[in-house]
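Coordinate analysis (summary)
One letter stands for each residue in the lines below.
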Amino acid sequence: MKHKKFLSKLAQHLGWSHTKTEEMVEATVSIFNEKLSDAAQISIQDFGVFDTRKENEHITVNPKTKERFLMPPKIKVTFEPATATRENLKTDDTK
Amino acid sequence: MNDKLNFEDIIDLLTEKKQIPQKEAEIFLKNFFRVIQEVFPEKETLQINNFGTFEIAPSQTHHHLRFLPASTLSDLVNKPFAHFEKTLLNEGVALNDVEELLQTDSEKVESNIDYALYASENEEGLLKKENMDDDVETIIEKDCEKEKTMFRSKIVRKRKHSDVWITAFSAALLLSVGAFVYLQWAQRSKKKRQSRKTRS
């Protein structure tokens with residue numbers, strides 16, 4: 001589902017105008033991005049946890065060309081779905 | 001800085017940012033996450049601009065939910081490492097650099113092993129992640145092994161060089177000692193001859 005379709009669905013749920021919903025989504029996304037870049041952990045009950053994880057520098061070898069590359073350290077954003085979210089996926093399977 | 005934020009903190013931040021009543025922010029956020037939750041059972045990827053994509057990876061036992069951060073988010077998060085780049089390491093190294101390279105190589109091997117350990121720990125724990133992660137792990141393990149073998153070969157090479165130097169040095173020493181002894185003997189024999197001449 002693309003961003004626009006999601007927005008219209010959300011606007012429908014809220015009974016708000018499209019532009020207002022879009023503004024609010026943008027604001028929430030910017031809050032999330034800001035906080036995640038400050039290495040904060042965001043946990044939302046019954047949804048999941050957004051967290052950041054540092055990946056150390058390491059060497060990768062291209063098996064074909066045998067070229068060795070030093071990969072720089074990296075911070076990854078991870079999302080761990082809550083049990084409720086997982087159940088949501090499971091129950092649908094059994095139906 | 002707050003290390004852990006929960007739903008209430010996000011509500012507060014949103015009310016502050018948009019200057020709206022707290023109740024409104026709460027209603028919005030509740031609906032925001034509810035709608036996202038509603039999309040999941042449809043087994044559809046959900047894209048939110050500037051934030052990321054929620055992807056459902058089908059598997060035989062149960063579906064995995066994966067979050068792929070958007071480039072804007074990953075760039076923001078990676079700001080401290082933005083100046084680093086993937087660098088190509090040279091294979092053929094000049095002899096003078098061997099020792100230096102040895103050290104750095106061993107360090108890298110260690111860090112690599114750490115990473116592999118970390119990944120395996122993760123696998124044992126909660127994060128029984130996607131196939132992709134497994135691939136990455138195997139690649140890293142292979143890398144580790146390669147690094148180790150390279151490390152060993154370099155040690156062997158270094159030892160050979162030191163052997164050559166020792167033999168060269170000892171040969172030079174023997175030569176110089178021999179020359180010294182010969183010179184001494186020659187001088188003494190000269191003196192003897194001179195003394196004989198003077199006697200005669």
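Scope of this entry: the structure provided in the associated data block. (Residues numbered from 1 in each chain as written. Chains lettered and ligands numbered in written order. Predicted model: local features only at pLDDT ≥ 70, side-chain atom pairs only at ≥ 80, totals over all residues. Heavy atoms only, no water.)

**What to know about the pattern of salt bridges**
The final tally for this structure, using the stated rule, is six salt bridges over all chains. Ionic pairing is found between Glu-80 of chain A and Arg-86 of chain A, a salt bridge with its closest N-O pair at 2.5 Å. (Salt bridge = Lys/Arg side-chain N within 4 Å of Asp/Glu carboxyl O.)

**Describing helix 2 (residues 22–39) of chain B**
Across its 18 residues, helix 2 of chain B extends 26 Å between first and last C-alpha, which sits within 8% of the 26 Å expected from 1.5 Å per residue. Residues of helix 2 of chain B that are buried include every one of Glu-24, Ala-25, Phe-28, Leu-29, Asn-31, Phe-32, Phe-33, Val-35, Ile-36, Gln-37 and Val-39 of chain B, and no others. (Helix = DSSP H or I, 4+ residues; strand = E, 2+ residues; numbered from the N terminus. Expected span 1.5 Å × (residues − 1). Buried < 20%, exposed > 50% of the residue type's maximum accessible area, 1.4 Å probe, protein only.)

**What about helix 1 (residues 3–14) of chain A?**
All names here are of chain A. Across its 12 residues, helix 1 extends 16 Å between first and last C-alpha, which sits within 8% of the 16 Å expected from 1.5 Å per residue. All of the buried residues in helix 1 are His-3, Phe-6, Leu-7, Leu-10, Ala-11 and Leu-14. Looking straight down helix 1, one finds its buried side chains confined to an arc of 135 degrees; they lie on one side. Set apart from the buried face of helix 1 by more than 90 degrees, the exposed residues are Lys-4 and Gln-12. (Arc of directions from axis to C-beta.)

**Quick look at the side chain of Asn-31 of chain B**
Within the secondary structure, Asn-31 of chain B sits in helix 2. Of the polar contacts made by the side chain of Asn-31 of chain B, one reaches the backbone oxygen of Ile-27 of chain B; its length is 2.9 Å. Beyond its immediate chain neighbours, meaning those up to four positions away, Asn-31 of chain B contacts Leu-10, His-13 and Leu-14 of chain A. (Polar contact = N/O pair within 3.5 Å; in protein donor to acceptor, adjacent residues only side chain to side chain. Contact = heavy atoms within 4.5 Å.)

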